[in-house]
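So you can see what is in the structure, the chains are spelled out below.
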Amino acid sequence: MKRVLLIGIFLIATGVCWLWYSMNDLTPISSTTHIVSVELQGESSCKVTVSDPSKGHNRTKIETFESPSCSKLKEEDELTYRYFNEGKYLYIVSINKESTKDPLTGVITKMIEHEGYFYVNIASTVFGKETFPIDKKDWKKLNIRSNITFYIDHWKHNIELL
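Residues numbered from 1 in each chain as written. Predicted model: local features only at pLDDT ≥ 70, side-chain atom pairs only at ≥ 80, totals over all residues. Heavy atoms only, no water.

J.: Describe the pairing of strand β4 (residues 78-84), naming the residues involved and giving the relevant values.
T.: The buried count for β4 comes to seven of seven residues, which makes it a mostly enclosed element. Side chains E78, T80, R82 and F84 project from β4 onto one buried face, and the interleaved L79, Y81 and Y83 project onto a second face that is buried too. Both strand β1 (residues 30-40) and β4 contribute to a ladder of five bridges, which runs antiparallel. By the bridge assignment for β4, T33 is matched with L79. (Buried < 20%, exposed > 50% of the residue type's maximum accessible area, 1.4 Å probe, protein only. Helix = DSSP H or I, 4+ residues; strand = E, 2+ residues; numbered from the N terminus. Pairing = 2+ DSSP bridges.)

Have a look at this one:
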């Protein structure tokens, strides 16, 4: 009897832990911070030291970007960037609240219409697989397996086609 009770408590505790873990995505979606330093590593690649207020006062972290906007970055700039593919690729959305309009390319793998909202799944050799919201007029112009070039202006807003 005690054995069954212990197994039951263990299963309940495991279920609670699994539920808590699945609800707490550890990868942030986007971040806005200030640049401490920039190290260019080529024409469109850079390592950027940014302030990290989540870790406390005067804490920093290093982020790596593959972006044409790397050459525009300088100390003290406010930087907004978006994480793709569970943090494996970082996209610079804006510098000092001004959109970079850095182009992203990929192939449409799926088109979704759900409750009046439109989405496209895009696979890219650069950022992996992601789902993006898109305007209805742009969604109607596209086809599955077609190439797409776009940029992101703001998180949770529709992608902009180029």
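J.: I'd like a rundown of the sheet that holds strand β11 (residues 160-161), residues and numbers included.
T.: Strands pair in a sheet through their backbones, by hydrogen bonds, and they do so in one of two ways: parallel or antiparallel. Pairing is antiparallel across the open sheet formed by five strands, whose spatial order is β9-β8-β7-β10-β11. Every other strand in the sheet has two partners, leaving β9 (128-134) and β11 as the edge strands with one partner each.

J.: Tell me about the nonpolar core, and name the residues and values.
T.: V120, F132, F150 and I159 are the most contacted members of the largest nonpolar core, which totals 19 residues. Apart from residues no more than four positions distant in its own chain, I159 is found in contact with V120, I122, F132, P133, I134, D138, I148, F150, Y151 and I152. With 13 residues, the next largest nonpolar core counts I35, V50, L73 and I92 among its residues. (Core = buried A, V, L, I, M, F, W, Y, C linked by side-chain atoms within 4.5 Å. Contact = heavy atoms within 4.5 Å.)

J.: How would you summarise the pattern of salt bridges if you had to cite specific residues and measurements?
T.: Counted according to the given criterion, the structure contains five salt bridges. Measuring nitrogen to oxygen at the nearest pair gives 3.7 Å for the salt bridge that ties D77 to K74. For K141, the salt bridge identified is with D138, shortest N-O distance 3.7 Å. Placement of the pair is K141 and D138 together in helix α2 (residues 136-141), with a separation of three residues, close to one helical turn. Since its relative accessible area comes to 7%, D138 is described here as buried. It is possible to trace a salt-bridge network through shared partners that takes in D135, K137, D138 and K141. (Salt bridge = Lys/Arg side-chain N within 4 Å of Asp/Glu carboxyl O.)

J.: Lay out the sheet that holds strand β2 (residues 45-51) with the relevant residues and their values.
T.: Taken in spatial order, the six strands make up an open sheet running β3-β2-β1-β4-β5-β6, and their pairing is antiparallel. The sheet is open, and its two borders are formed by β3 (60-66) and β6 (98-99), each paired with just one other strand.

The values reported here are purely geometric and, on their own, carry no functional implication.
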